Amino acid sequence: MKALVSIEIPEVKKAYSGKVRDIFPIDDKNMLIVSTDRISAFDYIFPNGIAGKGIILNKISNLWFKNINFINNHIVEDNFNNFPKPYSNYPEIFKDRSVIVKKADRIDFECVARGYIIGGGWNEYKEKGEISGIKLPPNLKLAEKFPETLFTPATKEDTGHDVNVSIDMMKKVIGIKDAEYLSNMTKKIYQFGRDCLEKAGIILADTKFEFGYINGEIILIDEVLTPDSSRFWDSKLYQTGVSPVSYDKQFIRDYIDTTKWDKNSPPPPLPDNIVEKTYEKYSEILSKIEHVFK
């Protein structure tokens, strides 16, 4: 299988192309989202994709969307057989990696839930002793579990790095009521995912969600609890003080840290063995999530 990294069809002009997902128009109320095989890290898209990755991401998100029943989401249709033309003419592009969704007014914050200290949160803690304005106890170790789930929003940037902000800043932009709702809902979805994954021997270290408005209602959009948006750790191998064995994009980040790439210029292609290993990790977490919901 060849990696699907670029999508163009003659009948329809693409509405948007993100780091991983492309958006195509359906009508005034709906649009089609395609998960490509592109892979990004440190806000750069790598020149070679990971064949089949988009299919895995789409399947994982759809499983969570079906099973998270305490908030509405944007899914309209996830069965390719029910897609309209011209999309139904291109199964090699759209089948198994696309969904038709409601158009929502995106809330321009990444809603991040953290159960453990790792990644950018660890770096911010070492520098400031806090994450997103939340003061934390001294002497925390890498990958240590927090006493309670943290909500650490970040600005949603289309280019460059997302920036961690305090919930107070979020309240000023979208209002106290909606900011507090998003904090509570982000933690609730995280805790639901964490409890489900515990049964599969997986620790959900952290994750990020996106939300939008439809007719004044806040709904869940984009992707949910995928290895692109979350950190999944093997609970049997977990220990504090070291970067845990993961089933997510952290594997690529760790590899990049061993290279000479400066993270501020177009990245070189990923080696074949890193591509293969990443696909294996994504496939494994898909099978574990599928087993949880059988």
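Residues numbered from 1 in each chain as written. Predicted model: local features only at pLDDT ≥ 70, side-chain atom pairs only at ≥ 80, totals over all residues. Heavy atoms only, no water.

*Asks:* Would you mind going over the overall build of the protein chain with me for this structure?
*Replies:* When helices and strands are counted, the protein chain shows 7 helices and 16 strands. Relative to the globule expectation of 19 Å for 294 residues, the C-alpha radius of gyration of the protein chain, 19 Å, shows essentially globular dimensions. For the protein chain, the C-alpha atoms occupy an extent of roughly 60 × 45 × 40 Å along the three principal directions. Taking all 294 residues of the protein chain together, 51% fall into the buried category. When the accessible surface of the protein chain is summed, it comes to about 14,200 Å², and 49% of that surface belongs to carbon and sulfur atoms. The protein chain carries 41 positive and 43 negative side-chain charges, and their two centres are separated by 2 Å. (Helix = DSSP H or I, 4+ residues; strand = E, 2+ residues; numbered from the N terminus. Rg over C-alpha atoms; globule rule 2.2 N^0.38 Å. Buried < 20%, exposed > 50% of the residue type's maximum accessible area, 1.4 Å probe, protein only. Areas by Shrake-Rupley, 256 points an atom, 1.4 Å probe, with all protein chains shown as cover. Lys, Arg positive; Asp, Glu negative; His and termini not counted. Charge placed at Lys NZ, Arg CZ, Asp CG, Glu CD.)

*Asks:* Hey, could you run me through the pairing of strand β7 (residues 98–102) in this one?
*Replies:* In regular strands, side chains alternate between the two faces of the sheet. Across the 5 residues of β7, 4 count as buried, placing the element largely inside the fold. Pairing of strand β3 (residues 30–35) with β7 involves 5 bridges; the strand directions are antiparallel. Across the sheet, the residue bridging to N30 is K102, located in β7. (Pairing = 2+ DSSP bridges.)

*Asks:* Can you walk me through empty space enclosed by the protein in this structure?
*Replies:* With the rule as written, the count across this model stands at 1 cavity of 30 Å³ or more. When its volume is computed, the largest cavity comes out at roughly 70 Å³. What lines the largest cavity is R21, I33, S35, N58, S61, N62, F65, H74, I75, V99, D222 and E223. Elements with a minimum of two residues in the lining of the largest cavity: β3 and α1 (53–67). Among the elements that line the lining of the largest cavity, the one with the most residues is α1, at 4 residues. (1 Å grid on protein atoms, 1.4 Å probe; cavity = no way out; pocket = protein on both sides within 12 Å on 5 of 7 lines; lining within 4 Å. Points joined across faces, edges and corners; volume = space filled by probe spheres on them.)

*Asks:* What is the right way to look at the sheet that holds strand β1 (residues 16–17) in this model?
*Replies:* The strands making up a sheet associate through hydrogen bonds between their backbones, and the pairing can be parallel or antiparallel. One open sheet accounts for 5 strands, arranged β1-β2-β3-β7-β6; its pairing is antiparallel. Every other strand in the sheet has two partners, leaving β1 and β6 (75–77) as the edge strands with one partner each. Lying on the sheet, α1 is in contact with β2 (21–25), β3, β6 and β7; it crosses β7 at an angle near 45°. (Contact = heavy atoms within 4.5 Å. Axes fitted to C-alpha atoms, helices over the stretch in contact; angles between N-to-C directions.)

*Asks:* Quick question: what am I supposed to make of the nonpolar core here?
*Replies:* Considering soluble globular proteins, one finds that nonpolar side chains tend to be buried as a cluster. One finds W64 and F211 to be the most contacted residues of the largest nonpolar core, which totals 64 residues. When residues no more than four places from it in sequence are discounted, the contact partners of F211 are I71, R106, I107, C111, L182, M185, T186, I189, I218, I219, L220 and I221. (Core = buried A, V, L, I, M, F, W, Y, C linked by side-chain atoms within 4.5 Å.)

*Asks:* Help me understand the state of the cysteines in this model?
*Replies:* Joining two cysteines, a disulfide is a covalent bond between their sulfur atoms. This model, assessed by the stated rule, comprises 0 disulfides. C111 takes part in no disulfide bond, and the closest cysteine sulfur to it belongs to C196, at a distance of 20 Å. Note on C196: relative accessible area 7%, which makes it buried. (Disulfide = S-S within 2.5 Å.)

*Asks:* Help me understand the side chain of R21 in this model?
*Replies:* Within the secondary structure layout, R21 lies in strand β2. A polar contact of 3.0 Å, which involves the side chain of R21, links it to the side chain of E223. (Polar contact = N/O pair within 3.5 Å; in protein donor to acceptor, adjacent residues only side chain to side chain.)

*Asks:* I would appreciate a short explanation of the layout of surface pockets in the present structure.
*Replies:* There is about 200 Å³ of room inside the second largest pocket. Taken together, 15 residues line the second largest pocket, and the ones lying closest to its centre are I134, E148, T149, L150 and F151. Where the lining of the second largest pocket is concerned, the elements lending two or more residues are β11 (134–135) and β12 (145–151). Among the elements that take part in the lining of the second largest pocket, β12 stands out by supplying 6 residues, more than any other. Among the residues making up the lining of the second largest pocket, the classes are represented as 9 nonpolar, 3 polar and 3 charged. (Nonpolar A, V, L, I, M, F, W, Y, C, P; charged D, E, K, R; others polar.)

*Asks:* How should the packing of aromatic side chains be read in this particular structure?
*Replies:* The geometry of an aromatic ring pair is captured by the separation of the ring centres together with the interplanar angle, meaning the angle of the planes. This structure, assessed with the given rule, holds 16 aromatic pairs. Between Y87 and F94, the aromatic rings sit 5.3 Å apart at their centres with planes inclined by 85°, giving edge-to-face as the arrangement. A centroid spacing of 5.7 Å and a plane angle of 80° characterise the contact between Y116 and Y238, whose relative ring orientation is edge-to-face. In this pair, Y116 is assigned in strand β9 (residues 109–116) and Y238 in the loop between β16 (230–234) and α6 (250–256), connecting sequence segments 122 residues apart. Here the aromatic cluster, defined as three or more aromatic residues joined through ring pairs, consists of F24, Y87, Y90 and F94. (Phe/Tyr/Trp six-rings, centres within 6.5 Å; stacked < 30°, edge-to-face > 60°.)

*Asks:* Sorry, what's going on with helix α5 (residues 176–198) here?
*Replies:* A turn of α-helix holds 3.6 residues, and therefore any two residues three or four places apart point the same way. With 23 residues, α5 extends 33 Å between its outermost C-alpha atoms, agreeing within 8% with the 33 Å of an ideal straight helix rising 1.5 Å per residue. Residues D178, A179, L182, S183, M185, T186, I189, Y190, G193, C196 and L197 constitute the buried set of α5. (Expected span 1.5 Å × (residues − 1).)

*Asks:* Would you mind showing me how to read the pattern of salt bridges here?
*Replies:* If the charged atoms of two oppositely charged side chains come close together, the side chains can form a pair. Counted according to the given criterion, the structure contains 17 salt bridges. As a salt-bridge pair, R38 and D22 come within 2.7 Å of each other at their nearest N and O atoms. Of the two residues, R38 is situated in the loop between β3 and β4 (40–41) and D22 in strand β2; the sequence distance between them amounts to 16 residues. By relative accessible area, which is 0% here, D22 ends up buried. Ionic contacts of the salt-bridge type, sharing partners, join the residues E8, K14, D22 and R38 into one network. (Salt bridge = Lys/Arg side-chain N within 4 Å of Asp/Glu carboxyl O.)

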